Every structure is written in structure tokens, then in C-alpha cells.
Amino acid sequence: MSPPVSLAIQPRVADEGRRAFADDLATALSQRPRRISPKWFYDAEGSRLFDRICGLPEYYPTRTELSILQGRAAEIAQQIGPDAEIVEFGAGSLVKIRLLLDALQSPRRFLPIDISGEHLQGAARQLRADYPGLEVTPVVADYTQPFELPERLAGAGRRVGFFPGSTLGNFEPEEALAFLRQAARLLRGGGLLLGVDLVKDPQLLHAAYNDAQGVTAAFNLNLLARANAELGADFDLQSFSHAAFYNAPLRRIEMHLVSRREQVVTLQGQRHAFEEGETLHTEYSHKFTIDGLRAMAARAGFGIGPVWTDPQRLFSVHWLPAVQ
Ligand code: AVI
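Rules and cut-offs
All chains use their own residue numbering, which begins from 1 and follows the written sequence. Predicted model: local features are reported for residues with pLDDT of at least 70 only, side-chain atom pairs are reported and counted for 80 or more only, and whole-chain, interface and lining totals are derived from all residues. The basis for every side-chain value is the complete set of heavy atoms in the structure, and neither hydrogens nor water enter the calculation. Counting from the N terminus, the helices are DSSP H or I runs at least four residues long and the strands are E runs at least two residues long. The globule rule is 2.2 Å times the number of residues to the power 0.38, and the radius of gyration it is compared with is taken over C-alpha atoms. Only protein chains enter the area calculation, which uses a 1.4 Å probe; residues under 20% of their type maximum are buried, those over 50% are exposed, and those in between are partly exposed. Any two residues whose heavy atoms approach within 4.5 Å at even a single point are treated as in contact. When charges are counted, Lys and Arg are positive and Asp and Glu negative, with His and the chain ends excluded. All charge positions are set by atom: Lys at NZ, Arg at CZ, Asp at CG, Glu at CD. By arc we mean the arc of the directions from the helix axis to the C-beta atoms, nothing more. Here a residue counts as near a molecule or strand whenever at least one of its heavy atoms sits within 4 Å of it. Polar contacts, as used here, are pairs of N or O atoms within 3.5 Å; protein pairs need one atom able to donate a hydrogen and one able to accept it. Residues neighboring in sequence count only if both atoms are side-chain atoms. We call Asp, Glu, Lys and Arg charged. Ala, Val, Leu, Ile, Met, Phe, Trp, Tyr, Cys and Pro are nonpolar, and the rest, Gly among them, are polar. Being paired, for any two strands, means DSSP has found at least two bridges between them. Think of it this way: a Phe, Tyr or Trp ring, Trp meaning its six-membered ring, pairs with another when their centres are within 6.5 Å, and the plane angle makes it stacked under 30 degrees, edge-to-face over 60, tilted otherwise. Put simply, a charge is over a ring when the Lys NZ or the Arg CZ is close to the ring centre, within 6 Å, and near the line of the ring normal, within 35 degrees. UniProt positions are given in the numbering used here, feature names are shortened, and annotations may be inferred rather than shown by experiment. Cavities and pockets were defined on a 1 Å grid built from protein atoms only: a cavity is a group of points that admits a 1.4 Å probe but offers it no way out, a pocket is an open group of points flanked by protein on both sides within 12 Å along at least five of seven lines, and a lining residue is one with an atom within 4 Å of any such point. Grid points are joined across faces, edges and corners, and a volume is the space filled by probe spheres set on the points.

The name recorded for the protein chain in an unreviewed UniProt entry is Dimethylhistidine N-methyltransferase, from Pseudacidovorax intermedius.

Listed below in C-alpha cells is the structure:
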């Protein structure tokens, strides 16, 4: 069994994580417009709420991507080839990686990369039990920052990245390009299997981020609950509301927390005043055209391979060869 790269330093990592959250939130509250990275959504409760979002009737991306992966598994496996090493950016849904592993010819190794050691351990344990021939090597790293992967296994096939779920859309365009450049370097000679959401009718998009059960609202507001629990902040959750709208010219959903009244919030001894209607921006979710995504991938150093979509062209899965 391969231990995660830095399991021994988990408590320190947790402290560092809390400090980084405190620093990011303090910076976010001090700047105008106020803006924080969506990575802070994902504490245990945020991850649970995100799993619920994935099953909502309005949130089409998860089930649509799954249907593409399922329906096109054989073609995808043909692009990847035998004995592959699969690198997943984020220890994501075990459902998606299983669909891929089940279709591949004798996959050799799975390397899930995640900033959270806990998430990685869960993913690794379950896959080891179900795929006895597969070596599972978790890597604790922030994949949005520069990092290295372990040496390739002798005799292994291609090294292939898997980045589903349109998480790329949560990056700023320059961050997305930087991520793709790093992926092209790490995966040279192999390729990237990338799932991204497509530009579509704004009404469908609006519904997906403003669901009737209020799960997306709870997910957004949980960021403030997390700040209260972990950092001793005093956000009054009743005094903020969820807002998500489609910015058509920039092809992205923008998610905010809107102050419902004039109020002062205290974070680590600092007071932050909100006017009624002022917002904390929490997430972009960019939507792509197939040509636009391919142009960005080409700038990052990828070649262009096949793309698979659903009949309604809601979502796309791209095979991007990482040219030698
Ligand atoms: C993880 N990410 C791709 C989701 C998205 O659609 O941007 C996060 C999400 N935010 C609100 N709903 C889902």
C-alpha cells in the first residue's frame, strides 16, 4: 500500500489550511469588489452539499457528463490505450473514475491529487479494495500551484489526466490556462480527458444555480458558516442571501453572497462594514464553446483530439493529447 506523499504532516496541514482560509477571507473582505476563491466551499458540510447539488433535477452537468462517459467509454479507452497511469486532479467522484477504470485495458496506477489528505484516503481505500490489480498512489498537493508527480512506473503505458465536472470553469481564464500548461507538462506523451460545461440557454443555467430546494443557496452560505466555526467570525447567516446570475458577455455564472442590510462583521479582531446590497463574490462558473476550449488547450500545449457531447449539447468531454 502506498502512503500519501505527506500523511505524516496532516495536523500541520490542517493548521496551515485554517491560516490560509483566514488570510484569504481577511483579504477578500478588505478589497473591493470583495472576492474569495471557491476552493473554501469544500469543508465536510460543503462537500456534502455539493454531492446533493450533483443529484438535483436542475443541475444537469453531473448526470450529463456521466451519460457521455458511459456511452463513449470504449472510444475513450481506445484513445488512452493499455496499461495507463491515470492522474485525477481533485479526489473527485468515485463514480466517474470507476467508469473510466472499468473501460480501460489493464490500468496500472491511479494517482488522485487533492489538497485534502482525508478525501484522498477515502478515495484510495475504496479503489484499492475494488481494483486489486491497480496501484493507488495518492498525492497531497494543491494542483493549482506548481507540483511534481512521482516517477512513472517502469513498463506503464500513457500518463493520462482526468479533470471532469467542469471544475476548469471555476478558474479565472488566466488560471485555467496556467492549469492546462502545467497539465500538458506533467502529462507529456499522454493526454488529458477534460469535462467542461457548454454555453447554453441562460434559463437552464439560471435554474441550475438557483435550485428550487435551495441546496445551492445553502452551499454558498456554508462558506460563512465555515468562517464562523473555523475562524470565530460572526457572520449572521440570516443577513446574507445567495445570488447567482448568468453574465452572458463573459459566458459565466457569477455567484455572490449579498448583504441584506447594513451590518458589521468581525473576523479575527478586524471589523468589516457591509452596506445593504454589497456582495462577497464566491464563484465563477465559466461555460465554454468547443472551439474556445480547444483554442485555450492549444495555447497551453495540447493537441486536439475527439470531443464527445450529449444529444442536447449541454456538456462536453474532450480528449486532449499532450504532444511529445
Ligand atoms: C465544482 N463546480 C464545477 C461546480 C460548478 O457548477 O461550477 C460548483 C457549483 N457551484 C454551484 N453549483 C455547483
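Next comes the rest of the description.
Peer 1: Explain the overall build of the protein chain to me, and be specific about the residues and the numbers.
Peer 2: When its secondary structure is counted, the protein chain shows ten helices and 14 strands. In terms of overall size, the protein chain behaves like a compact globule, its C-alpha atoms giving a radius of gyration of 20 Å where 324 residues would be expected to give roughly 20 Å. If one aligns the C-alpha atoms of the protein chain with their principal axes, the spans along those axes are about 60 × 45 × 35 Å. Expressed as a percentage of its 324 residues, the buried residues of the protein chain come to 52%. The contacts of the protein chain with a sequence gap of at least 6 include a subset with a gap of at least 24, amounting to 72%. Computing the positive centroid from 34 side-chain charges and the negative centroid from 38, the protein chain places the two 4 Å apart.

Peer 1: An account of helix α10 (residues 290-300) is requested, with residue identities and associated values reported.
Peer 2: Those residues of α10 not exposed but buried are I290, L293, M296, A297 and A300. One face of α10 carries all of its buried residues, which in axial projection span an arc of 130°. α10 presents D291 and R299 as exposed residues on the side facing more than 90 degrees away from its buried surface. Against the buried residues of α10 lie α7 (173-186), β7 (191-197), β13 (307-309) and β14 (315-321). Within two residues after α10, G301 carries a phi angle of roughly 110°, on the positive side.

Peer 1: So what's going on with the site of the ligand? Which residues, and what values?
Peer 2: The environment of the ligand is made up of 14 residues, and the closest members are Y59, N170, Y209, E283 and S285. Y59 is positioned with one of its side-chain polar atoms (N or O) 2.5 Å from an oxygen atom of the ligand. Between an oxygen atom of the ligand and a side-chain N or O atom of Y209, the distance comes to 2.5 Å. Sorting the residues of the shell around the ligand by element identifies α2 (44-54), α9 (215-231) and β12 (279-286) as the ones contributing at least two each. Of the residues belonging to the shell around the ligand, the class tally is seven nonpolar, six polar and one charged.

Peer 1: Please set out the sheet that holds strand β9 (residues 252-259) residue by residue, giving values where relevant.
Peer 2: Strand order in the open sheet formed by four strands is β1-β12-β9-β8, and the pairing between neighbours is mixed. Each having just a single partner strand, β1 (34-35) and β8 (240-247) make up the two edges of the open sheet. Note that β8 and β9 share eight bridges and pair antiparallel. Each residue of the ladder has a partner; that of F240, found in β9, is S259.

Peer 1: Run through the packing of aromatic side chains, naming residues and quoting values.
Peer 2: Going through the model one piece at a time under the given rule, you end up with 17 aromatic pairs. Each ring, one from F235 and one from F240, has its centre 5.8 Å from the other, and the planes form 70°; the classification is edge-to-face. Among the aromatic residues, those joined into a cluster by ring pairs are F89, Y143, F163, F171 and F179. Over the aromatic face of F21 sits the side chain of R226, whose NZ or CZ is 4.9 Å from the ring centroid.

Peer 1: Quick rundown of the environment of L100? Include the residues and the values.
Peer 2: Considering the arrangement of structural elements, one finds L100 in helix α5 (residues 94-103). With relative accessibility at 6%, the residue L100 sits in the buried group. In this view, L100 contacts I76, I80, I86, F162 and L193; residues no more than four positions away in its chain are not counted.

Peer 1: Hey, could you go over the UniProt feature "domain: Histidine-specific methyltransferase SAM-dependent" (unreviewed entry) in the protein chain for me, with residue numbers and the actual values?
Peer 2: Within this numbering scheme, the UniProt entry marks residues 22-320 as carrying the feature "domain: Histidine-specific methyltransferase SAM-dependent" (unreviewed entry). The straight-line gap between the two end C-alpha atoms of residues 22-320 is 37 Å; of that span, 38% is helix and 24% is strand.

Peer 1: Give a description of the layout of surface pockets that names residues and reports values.
Peer 2: Roughly 340 Å³ of internal volume is contained in the second largest pocket. Around the second largest pocket sit 18 residues that line it, and P173, H286, K287, F288 and M296 are the ones nearest its centre. Taken together, the elements giving at least two residues each to the lining of the second largest pocket come down to α7 and α10. When residues of the lining of the second largest pocket are assigned to their parent elements, the largest contribution, four residues, is made by α10. For the lining of the second largest pocket, the class distribution of residues is eleven nonpolar, three polar and four charged.

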